[in-house]
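# Breakdown of the fold
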Amino acid sequence: MDYDEQLERALSEAPDVNDGGDRFTVPDPVVRHEGNVTVYENFAETHDRLARDASHLQKFLQSELGTSAQLDDTGRVRFTGDFKQRRVAAALDEYVESFVLCSECGSPDTKFVTQQGATVMKCEACGALSALPDE
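These notes cover the structure that comes with them.

The rules behind these values
Residues numbered from 1 in each chain as written. Predicted model: local features only at pLDDT ≥ 70, side-chain atom pairs only at ≥ 80, totals over all residues. Heavy atoms only, no water. Helix = DSSP H or I, 4+ residues; strand = E, 2+ residues; numbered from the N terminus. Patch = residues over 30% accessible without salt bridge, like charges linked within 9 Å, V, L, I, M, F, W, Y side chains within 5 Å. Areas by Shrake-Rupley, 256 points an atom, 1.4 Å probe, with all protein chains shown as cover. Salt bridge = Lys/Arg side-chain N within 4 Å of Asp/Glu carboxyl O. Lys, Arg positive; Asp, Glu negative; His and termini not counted. Charge placed at Lys NZ, Arg CZ, Asp CG, Glu CD. Buried < 20%, exposed > 50% of the residue type's maximum accessible area, 1.4 Å probe, protein only. Pairing = 2+ DSSP bridges.

### Let's talk about the environment of glycine 106
In this fold, glycine 106 is placed in the loop between α4 (85-99) and β5 (110-115). When the C-alpha atoms of glycine 106 and alanine 90 are compared, they prove to be 18 Å apart, with 16 residues separating the residues in sequence.

Right, dumping it as structure tokens:
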């Protein structure tokens, strides 16, 4: 049996690992309005899935939305103002692009590390170091 035949046999017997889905999915923000406040209901689930500090994500979102925000004791964020779900989702997508996905390989397996006094994003998959954008 030559190499091509062995390769063909191995590929035909190997399980299909590409199920068509992404292993990394960001939960869609669930927002509801309470008077002049918009409540981000699943904020805790979101920052857990992104593996980022709640206060970092909160500060970014309030900056992107141009409002103030408070994290309540149930893990929800309350934004002052009336914001539609798609606007919060767009801000969340911007956060993921800037502070979660590796700029080199696109992997979500990143973390913030301090090197030589500066905080950078390190990719656990490819080892790349990326400067964090100004917040």
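### Some thoughts on a negative patch on the surface
Where like charges cluster on the molecular surface, the negative patch consists of Asp28, Glu64, Asp93, Glu94 and Glu97. If you tally residues by element for the negative patch, the top one is α4, at three residues. On the secondary structure map, glutamate 64 appears in helix α3 (residues 54-65).

### Considerations on the pairing of strand β2 (residues 37-40)
Walk down a regular strand and you will see the side chains alternate between the two sheet faces. With burial as the criterion, each face of β2 is covered, one bearing Val37 and Val39 and the other bearing Thr38 and Tyr40. Bridge count between strand β1 (residues 31-34) and β2: four bridges; the pairing is antiparallel. Across the sheet, the residue bridging to arginine 32 is valine 39, located in β2. Linkage of β1 to β2, two consecutive antiparallel strands, is achieved through a turn of two residues, within which glycine 35 is found at a positive phi near 65°. In the sheet, β2 pairs with strand β4 (residues 77-80) via four bridges, with the strands oriented antiparallel. Across the sheet, tyrosine 40 pairs through a bridge with valine 77, a residue of β4.

### A look at the pattern of salt bridges
Tallied over the entire structure, the rule returns seven salt bridges. Of the charged contacts, one joins glutamate 41 and arginine 32 as a salt bridge, the two residues approaching to 2.3 Å between their closest N and O atoms. Judged by relative accessible area, glutamate 41 falls into the partly exposed class, the value being 27%. Linking glutamate 45 and arginine 49 is a salt bridge whose minimum nitrogen-to-oxygen distance equals 3.6 Å. Of this pair, glutamate 45 and arginine 49 are both found in helix α2 (residues 43-50), four residues apart, which corresponds to roughly one turn of the helix.

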